[in-house]
Amino acid sequence: MADKKESSAGKLRGQMDRIFAGIGKLTKIQRLLICVGAILLIGGGYYYFIFAPRWENLNAAREELTRQEDRLATFKAKARVLPKFEKQMAEARERFNVAMKALPDKKELPALLTSISEAGMRAGLEFRLFEPATVVNKEFYKEIPISMDVSGAYHQIADFFFQVANLNRIVNVQNISMKKDGKETGAVQMKCSAVTYMFTEPKADSGKKSKRKKKRG
């Protein structure tokens, strides 16, 4: 065994000696080209197998970092204005609640009509007509007009307007027309509409309901 190892080692040394002897016979330019080629080969292998993959991973990590920084900047900007929007939302909710309190519901409507007529009587007006007109349906509320024909002095009409304006429910007096009352000297006949409003919940789309019924059928 020892003899075989020595013989193989001797062969290897012989081959190496022949290689170096061959290199020694080359010119300087040839040896320089061999060195340059070896360096390029080693450098190319290092670039393609080690440096390039790591460089791609680094670029991907940088792009991901940029995206995350952009998202973080967006979230920070939104977080800065969030208290402002929350405050505006709270104010809008408060205004909505106040408006809802000023709108009569179905149960309160008769009492409101009584309050309007009592305001006219307290002001000293003579009612010739006090009649609810056709209800006008809007998107989320109803307009409930009341046609009125009253007679009285100017200061009595002004007192009536003042009392209606101070009711705890929204009532708008519109379509006002006045003329002298021929029955009584100094009296004025006024025709107008007192409009109040009632909030209504939005109804589901009837078209969708009909389609569902057809499908079931």
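Thresholds, definitions, all that
- Residues numbered from 1 in each chain as written.
- Predicted model: local features only at pLDDT ≥ 70, side-chain atom pairs only at ≥ 80, totals over all residues.
- Heavy atoms only, no water.
- Helix = DSSP H or I, 4+ residues; strand = E, 2+ residues; numbered from the N terminus.
- Contact = heavy atoms within 4.5 Å.
- Expected span 1.5 Å × (residues − 1).
- Buried < 20%, exposed > 50% of the residue type's maximum accessible area, 1.4 Å probe, protein only.
- Arc of directions from axis to C-beta.
- Phe/Tyr/Trp six-rings, centres within 6.5 Å; stacked < 30°, edge-to-face > 60°.
- Salt bridge = Lys/Arg side-chain N within 4 Å of Asp/Glu carboxyl O.
- Patch = residues over 30% accessible without salt bridge, like charges linked within 9 Å, V, L, I, M, F, W, Y side chains within 5 Å.
- Areas by Shrake-Rupley, 256 points an atom, 1.4 Å probe, with all protein chains shown as cover.
- Core = buried A, V, L, I, M, F, W, Y, C linked by side-chain atoms within 4.5 Å.
- Pairing = 2+ DSSP bridges.
- Polar contact = N/O pair within 3.5 Å; in protein donor to acceptor, adjacent residues only side chain to side chain.
- pLDDT = per-residue confidence, 0-100.

Describing the overall build of the protein chain
Now for step 1: Tallying secondary structure elements over the protein chain gives 5 helices and 5 strands in all.
Now for step 2: Starting at the N terminus and walking to the C terminus, you meet the elements of the protein chain as α-α-α-β-β-β-α-β-β-α.
Now for step 3: If you take every contact in the protein chain between residues at least 6 apart in sequence, the share linking residues at least 24 apart comes to 57%.

Section: helix H3 (residues 109–122)
Now for step 1: Helix length check: H3, at 14 residues, gives a terminal C-alpha distance of 20 Å against a target of 20 Å (1.5 Å per residue), a fit within 8%.
Now for step 2: Restricting attention to buried positions, one finds in H3 the residues Leu-109, Leu-112, Leu-113, Ile-116, Ser-117, Ala-119 and Gly-120. Viewed end-on, H3 has its buried residues packed into an arc of 150°, placing them on one side of the element. Across from the buried face of H3, at angles greater than 90 degrees, the exposed residues are Met-121 and Arg-122.
Now for step 3: A positive backbone phi angle near 90° is found at Gly-124, which sits one or two residues after H3.

Focus on the packing of aromatic side chains
Ring pairs (aromatic) are described by centroid distance and by the angle formed between their planes.
Now for step 1: Across all of its chains, the model carries 4 aromatic pairs by this definition.
Now for step 2: Their ring planes at 20° and their centres at 5.9 Å tell us that Phe-51 and Trp-55 sit as a pair that is stacked. Here Phe-51 and its partner Trp-55 are both found in helix H2 (residues 28–102), 4 residues apart, which amounts to about one turn of the helix.
Now for step 3: Judged by centre distance (5.6 Å) and plane angle (85°), the ring pair of Phe-127 and Phe-130 falls under edge-to-face.

Brief notes about the pattern of salt bridges
Now for step 1: In the structure shown here, the tally under the stated rule is 1 salt bridge.
Now for step 2: The salt bridge involving Arg-67 is made with Glu-64; its shortest N-O contact spans 2.5 Å. Note that Arg-67 and Glu-64 are positioned in helix H2 at a spacing of 3 residues, about one turn of the helix.
Now for step 3: Taking relative accessible area as the criterion, Glu-64 reaches 33% and is therefore assigned partly exposed.

Some details on a nonpolar patch on the surface
Now for step 1: A cluster of nonpolar side chains, namely Tyr-46, Tyr-47, Tyr-48, Phe-49, Ile-50, Phe-51, Trp-55 and Leu-58, defines an oily patch on the protein surface of about 900 Å² accessible area.
Now for step 2: Note on Trp-55: relative accessible area 41%, which makes it partly exposed.

What about the nonpolar core?
Now for step 1: Within the largest apolar cluster, 18 residues are counted, with the highest numbers of intra-cluster contacts made by Ile-116, Met-148, Phe-160 and Val-171.
Now for step 2: Looking at this core, the elements that each hand over two or more residues are H3, strand E3 (141–152), helix H4 (154–165) and strand E5 (188–199).
Now for step 3: Setting aside residues up to four positions removed in sequence, Phe-160 forms contacts with Ile-116, Ala-119, Gly-120, Ala-123, Leu-125, Met-148 and Met-190.

Here's the deal with the pairing of E5
Now for step 1: Within E5, 10 of the 12 residues are buried, which leaves the element mostly enclosed by the surrounding structure.
Now for step 2: With 12 bridges connecting them, E3 and E5 associate as antiparallel partners. Note on E5: the bridge partner recorded for Met-148 is Cys-192.
Now for step 3: Relative to E5, strand E4 (residues 171–180) runs antiparallel, the two sharing 8 bridges.

Considering the side chain of Thr-196
Now for step 1: Relative to the elements of secondary structure, Thr-196 occurs in strand E5.
Now for step 2: A polar contact is formed between the side chain of Thr-196 and the backbone oxygen of Ile-170, at a distance of 2.9 Å.

Regarding the confidence of the model for the protein chain
Now for step 1: Residues at a pLDDT of 70 or more form 72% of the protein chain, whose mean pLDDT is 78.
Now for step 2: Mean pLDDT across the secondary structure elements of the protein chain bottoms out at helix H5 (residues 206–216), with 50, and peaks at H4, with 90.

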